[in-house]
Amino acid sequence: MSLPTLTSSEGPTVKSWPHRLLRDVPTLTPYPSKKVTRQYHNQLIACQWQDGRTLRTSLLANKWETPYVPMVDLSNGTASQLKLRPQDVASEVTLVAYHSANQEVAGEALHDDQYSSTGVEIAVQDIPSSDENPQFDDLPGLPKTVEYFYYFTIENERFRKAFGSFMMPKITSALQLTSQVKPPPSDFLGVNVGFTSGSLVFVGLSEWQIPDESFLSGQFRDSQYLGDPGTGSGYRWTPDWDKGFMYALDGVFLITAFTEAIADKFVKDLEAAFKDSIEMTVLVKCKLRPTPHDQSNHFGYRGGMSNPQIRGATFETAAQPEIRYPGSSIIPMGTIVMGYDGDEDKYSRPDWAKDGTFMVTRHLNILAPEFDAFLLDHGPKVCPDLPAQTAADKLGARLFGRWKDGTPTELSPDKPDPSISSSEKRINNFTFDLSIHQRRCPYAAHMRKSNPRNDSDTIEDFSHEIRRQGISFGSEVTRNERKGNTTNDFRGTHFVCYASSIVRGFKYHQCVQCNDSMFPSGKDITPGMDPIVGQTDEDKGVLRFMTGTNPADEQRVMIFPDRFVNSRGGGYFFNPSISTLRNYVAKK
């Protein structure tokens, strides 16, 4: 597997396609620079290449305020890809970049030296091969209605033999699904596996060869810095987790299916095959909420539209030709998968780590009745001119950054808009108007904290991006719980995310974006913490807060004396590639 490269230049021009012959790169799809489009620039890429004896030139341009839409060839106004005819000799492609902050200067008018860009970055991206591809619930994600998380410890060497004979043939590659146009059959079964740092030595690998501070220490130890409740400090720290997560976990099997019966049967078969070589520590059974709430969490808010996208993996495939929800950032493969552009450690990775990824799981208990009671109590104080429930709904929308149907408050600040929520092309396709501050969406709103879009100093840095694949667990909120404003049954979200670095990805996301009251930075007022998943030490009198809940008084501070989400456990895992599972983990 060849490593892709990222080439930079201190000027507008990049010559040659790095380490590639034109016969290996049949298409070129330029996207507007994420860094530049934060400021809403028009952009143009002039492409020149030798086609046999003919020198050809094409101009590709973006549209104003469309930062994640492919640039279009000006010669026909529709093509988003530059077709390069295969040839047997190496040849150069010259790319020259232009941009302007003047909306009136667009298209061919940009093709002038006065609009030359000061620097260019070109990424060449490979897609994993069929026999060395990732195995994890992402890119684009395993089909499911139910998903089980079977956490275990390895008890003896017989684990590897059982893994090779029983589990290896059943491991599922999500990338295989990208070529399938037809939906999977009703008896579909998806199986993945991840290992903690302490268990890698038992399966023939070394955790020290994929150094990541958080992975090496584990989430149990890291939980103090994530903000989880607990007692003690330092190495005496003990998180307030459920018993099953208090063990030194070795691994987890992810099992996806369309029925609980299929998943339950597989668990029985798994335990019969592995016998005494593993011991289950906890089995988390998850499933989508009933229709029409299957895309919503137990708070009732729709999500799952803003995951970053990867060309050739999550879109521009046979199964998904276009981005389903335009507006998401487009990131390099290596941000998620080790060994590709975007993986800052790609050159130091051992061969067995390539095509692998880090997986983070978090067992999050949701207190929905208490959240609804908070909204009904404080909503009328924020919006006294509205009926009580309407005021509560508006406050909830400002805390999440979306109305329950998914309508962003940035696009519709006063009420949900069915014309937006029903449109896959509109519901996620927006950026924040930085000139109006928090009038439409608070800086600390959950959606804005989790995905600041154009409102971040690190907007050009893809290293902090993660892809989420969480799923709900537990029963629906009962009438008695709503009436008493108290959670009686355990329910929530089993959060799952993937990235090639836990420190740069998930930990940055939780500790900086969600927990840091100064994020996003550069504001004339303190934004506050994420009101939903932001964590602090309430036991020591440090309470969560945010500004911007009242659009008429953006500086007013709202304090949250209690958590609405409690972490009850989780883990950090390395998900090896299928070839690594076959060649290292599975004992013949």
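Right above here is the structure, for reference.
Residues numbered from 1 in each chain as written. Predicted model: local features only at pLDDT ≥ 70, side-chain atom pairs only at ≥ 80, totals over all residues. Heavy atoms only, no water.

Caption draft 1: Seen up close, the overall build of the protein. Within the protein, the regular secondary structure consists of 12 helices and 22 strands. Classification of the 588 residues of the protein by burial places 56% in the buried group. Once local pairs closer than 6 in sequence are excluded, the contacts in the protein between residues at least 24 apart make up 70%. Summed over its atoms, the accessible surface of the protein is roughly 25200 Å², and 50% of this surface lies on carbon and sulfur atoms. (Helix = DSSP H or I, 4+ residues; strand = E, 2+ residues; numbered from the N terminus. Buried < 20%, exposed > 50% of the residue type's maximum accessible area, 1.4 Å probe, protein only. Contact = heavy atoms within 4.5 Å. Areas by Shrake-Rupley, 256 points an atom, 1.4 Å probe, with all protein chains shown as cover.)

Caption draft 2: Expanded view of the pattern of salt bridges. Summed over all chains, the structure comprises 30 salt bridges. Across the pair Asp372 and Arg482 runs a salt bridge, and its minimum N-O distance is 2.9 Å. Note that Asp372 is positioned in helix H6 (residues 368-382) and Arg482 in helix H10 (residues 479-484), a separation of 110 residues in sequence. Note on Arg482: relative accessible area 45%, which makes it partly exposed. The structure contains a network of salt bridges with shared partners spanning Asp343, Glu344, Asp345, Arg349 and Arg504. (Salt bridge = Lys/Arg side-chain N within 4 Å of Asp/Glu carboxyl O.)

Caption draft 3: Structural context of helix H4 (residues 219-226). Of the residues making up H4, those classed as buried are Gln219, Asp222, Ser223 and Leu226. For H4, the arc enclosing every buried residue in end-on projection is 125°, short of the 170-degree limit, so these residues lie on one face. Close packing links the buried residues of H4 with helix H3 (213-217), strand E13 (238-239), strand E16 (357-366), helix H11 (503-514) and strand E22 (565-575). (Arc of directions from axis to C-beta.)

Caption draft 4: Quick look at helix H12 (residues 578-585). Restricting attention to buried positions, one finds in H12 the residues Ile578, Ser579, Thr580, Leu581 and Val585. On its buried side, H12 packs onto helix H2 (158-167) and strand E11 (189-195).

Caption draft 5: Molecular detail of the packing of aromatic side chains. In this structure the tally under the stated criterion is 31 aromatic pairs. Ring centres of Phe136 and Tyr498 lie 4.9 Å apart, and the angle between their planes is 35°; on these two criteria the pair is classed as tilted. Of this pair, Phe136 sits in the loop between strand E9 (120-123) and strand E10 (146-154) while Tyr498 sits in strand E19 (residues 492-499), placing them 362 residues apart in sequence. As far as the burial class goes, Phe136 and Tyr498 line up, both buried. Between the aromatic rings of Phe473 and Phe490, the centroid separation amounts to 5.5 Å while the plane-to-plane angle is 45°, which identifies the pairing as tilted. Of this pair, Phe473 sits in strand E18 (residues 471-473) while Phe490 is found in the loop between H10 and E19, placing the two residues 17 residues apart along the sequence. (Phe/Tyr/Trp six-rings, centres within 6.5 Å; stacked < 30°, edge-to-face > 60°.)

On their own, these measurements won't tell you what the molecule is for.
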